[in-house]
Amino acid sequence: MNIHSNMSQDASLARAVLDSGGVVRSADEGQTAFRWQGHPRAFVLITRGKLTVHFRTKGRNVPWAECRASVGQDCMPVTAAILSEREITVRAKCMGPSTWIELSPNSLVLLVHSDMAFRKALFATHAKRLPTFFAKISTKEGLSLDNRLADWLLCHAKGREVVATHGDIAKELLTAREVVSRRLRDFASKGWIVQQRGRIHIDAPAALTRLSKGCFSLAS
């Protein structure tokens, strides 16, 4: 599919959602786009920018997972939860100035069942994204905490500054606060970051980028 057909598909998805009663929302970089617990409140289709979405299904000891959605893409975990009538805990943050369309769950179900063109286009985007999604999960499972911490800092930085406590970061990475504090001290000792109360300034983004990609390990 060439770039023109991609643009046409994005526009047709957005038009179908708007025609079904979709409501346009927007937020700036670093802001929370939505945060839900239980049954999803809306189907979400991105029309500008990019969202990082953390989610987990209901159940004991279910870990957080992560996906990203950019222009022309929906939030796949939310869509799956709506269509399967499952509960989900989800929170999404804007990676840049972002705009998206929200459509009520009932309206999405009706649209999927009544509009074959929309259904085929929506699931075609899922089929295209799934290999990358699973490859990312497989890669992250092989990365150390240092690699994942570097990636987390880069993803949540706004103007080279991350606003978060060590406890916040530990919850996101499914580890202990003390472990995160120890790793951040190591980062600071190498001159990569400067820590202040509730804030982390990134002084060496290139080094963190190499670490986040698993190019090297602090233990090596």
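Residues numbered from 1 in each chain as written. Predicted model: local features only at pLDDT ≥ 70, side-chain atom pairs only at ≥ 80, totals over all residues. Heavy atoms only, no water.

Chemist: Run through the side chain of Glu66, naming residues and quoting values.
Modeler: Looking at the element boundaries, Glu66 is found in strand β5 (residues 65-70). A relative accessible area of 16% means that Glu66 is categorised as buried. For Glu66, the side chain forms a polar contact with the side chain of His54, separated by 3.2 Å. Within the structure, the side chain of Glu66 is placed 3.4 Å from the side chain of Arg68, a separation counted as a polar contact. (Helix = DSSP H or I, 4+ residues; strand = E, 2+ residues; numbered from the N terminus. Buried < 20%, exposed > 50% of the residue type's maximum accessible area, 1.4 Å probe, protein only. Polar contact = N/O pair within 3.5 Å; in protein donor to acceptor, adjacent residues only side chain to side chain.)

Chemist: Talk me through the sheet that holds strand β9 (residues 193-196); I want residue IDs and the actual numbers.
Modeler: Spatially, three strands are ordered β8-β10-β9 in an open sheet, and the strand pairing comes out antiparallel. Here the strands that pair on one side only, and so sit at the sheet edges, are β8 (161-163) and β9. Neighbouring strand axes in the sheet, compared pairwise and without regard to direction, differ in orientation by 15° on average. Sheet topology note: the β8/strand β10 (residues 199-202) ladder contains three bridges and is antiparallel. In the sheet register, Val162 faces β10, and the bridge partner there is Ile200. Its contacts with the sheet put helix α5 (residues 145-156) on β8 and β10, and the angle it makes with β8 is roughly 95°. (Pairing = 2+ DSSP bridges. Axes fitted to C-alpha atoms, helices over the stretch in contact; angles between N-to-C directions. Contact = heavy atoms within 4.5 Å.)

Chemist: Outline the environment of Glu161, supporting the account with residue identities and numerical values.
Modeler: As for its position among the elements, Glu161 is in strand β8. Each C-alpha atom, one on Glu161 and one on Ile193, is 9.4 Å from the other, the two residues being 32 residues apart in sequence.

Chemist: Summarise the nonpolar core; cite the residues concerned and give the values.
Modeler: Among the nonpolar cores identified, the biggest contains 35 residues, and Phe34, Phe43, Leu51 and Phe118 are the most heavily contacted of them. Sequence-distant contacts of Leu51, that is, excluding residues within four places in its chain, are made with Ala33, Phe34, Ile46, Cys67, Arg68, Ala69, Ala92, Lys93, Cys94, Met95 and Ser98. Core analysis: the second largest hydrophobic core is formed by 22 residues, Ala150, Ala157, Ile202 and Leu211 among them. (Core = buried A, V, L, I, M, F, W, Y, C linked by side-chain atoms within 4.5 Å.)

Chemist: Talk me through the sheet that holds strand β6 (residues 88-94); I want residue IDs and the actual numbers.
Modeler: The sheet built from four strands is open, its strands ordered β2-β6-β4-β5 with antiparallel pairing. Two strands close off the open sheet at either side, each with one partner strand: β2 (32-38) and β5. Taken over all neighbouring pairs, the strand axes of this sheet differ in orientation by 15° on average, direction set aside. As defined by bridge partners, strand β4 (residues 50-57) adjoins β6 across seven bridges and the pair is classed as antiparallel. Residue pairing across strands places Leu51 opposite Cys94, the latter belonging to β6.

Chemist: Can you explain the packing of aromatic side chains? Please cite residues and give values.
Modeler: For the structure on display, the rule yields three aromatic pairs. Taken together, a centroid distance of 6.5 Å and an interplanar angle of 75° make the contact between Phe43 and Phe118 edge-to-face. Residue Phe43 is found in strand β3 (residues 43-48), and its partner Phe118 is found in helix α4 (residues 116-141); the two are separated by 75 residues along the sequence. Across the pair, exposure class does not vary: Phe43 and Phe118 are buried alike. For the pair Phe187 and Trp192, a centre-to-centre distance of 5.5 Å together with 55° between the ring planes defines the contact as tilted. You'll find Phe187 and Trp192 in the same group, each marked buried. Cation over ring: Lys190 sits above Trp192, and NZ or CZ is 5.9 Å from the ring centre. (Phe/Tyr/Trp six-rings, centres within 6.5 Å; stacked < 30°, edge-to-face > 60°. Lys NZ or Arg CZ within 6 Å of the ring centre and 35° of its normal.)

Chemist: Give a description of α5 that names residues and reports values.
Modeler: Compared with an ideal rise of 1.5 Å per residue, which puts 12 residues at 16 Å, α5 spans 16 Å between its outermost C-alpha atoms and is within 8% of the ideal. In terms of residue burial, α5 counts as a mostly covered element, since nine of its 12 residues are buried. For α5, the complete set of buried residues consists of Leu145, Asp146, Asn147, Leu149, Ala150, Trp152, Leu153, Cys155 and His156. (Expected span 1.5 Å × (residues − 1).)

Chemist: Can you break down the environment of Ile88 residue by residue, with the values?
Modeler: Relative to the elements of secondary structure, Ile88 occurs in strand β6. Accessibility expressed as a relative area gives 3% for Ile88, which makes it buried. The sequence separation of Ile88 and Val78 amounts to 10 residues, and the corresponding C-alpha distance is 7.6 Å. Leave out the neighbours within four places in its chain, and Ile88 touches Trp36, Gln37, Gly38, Pro40, Phe55, Arg56, Pro77 and Ala81.

Note that all results are geometric; they support no functional claim without further evidence.
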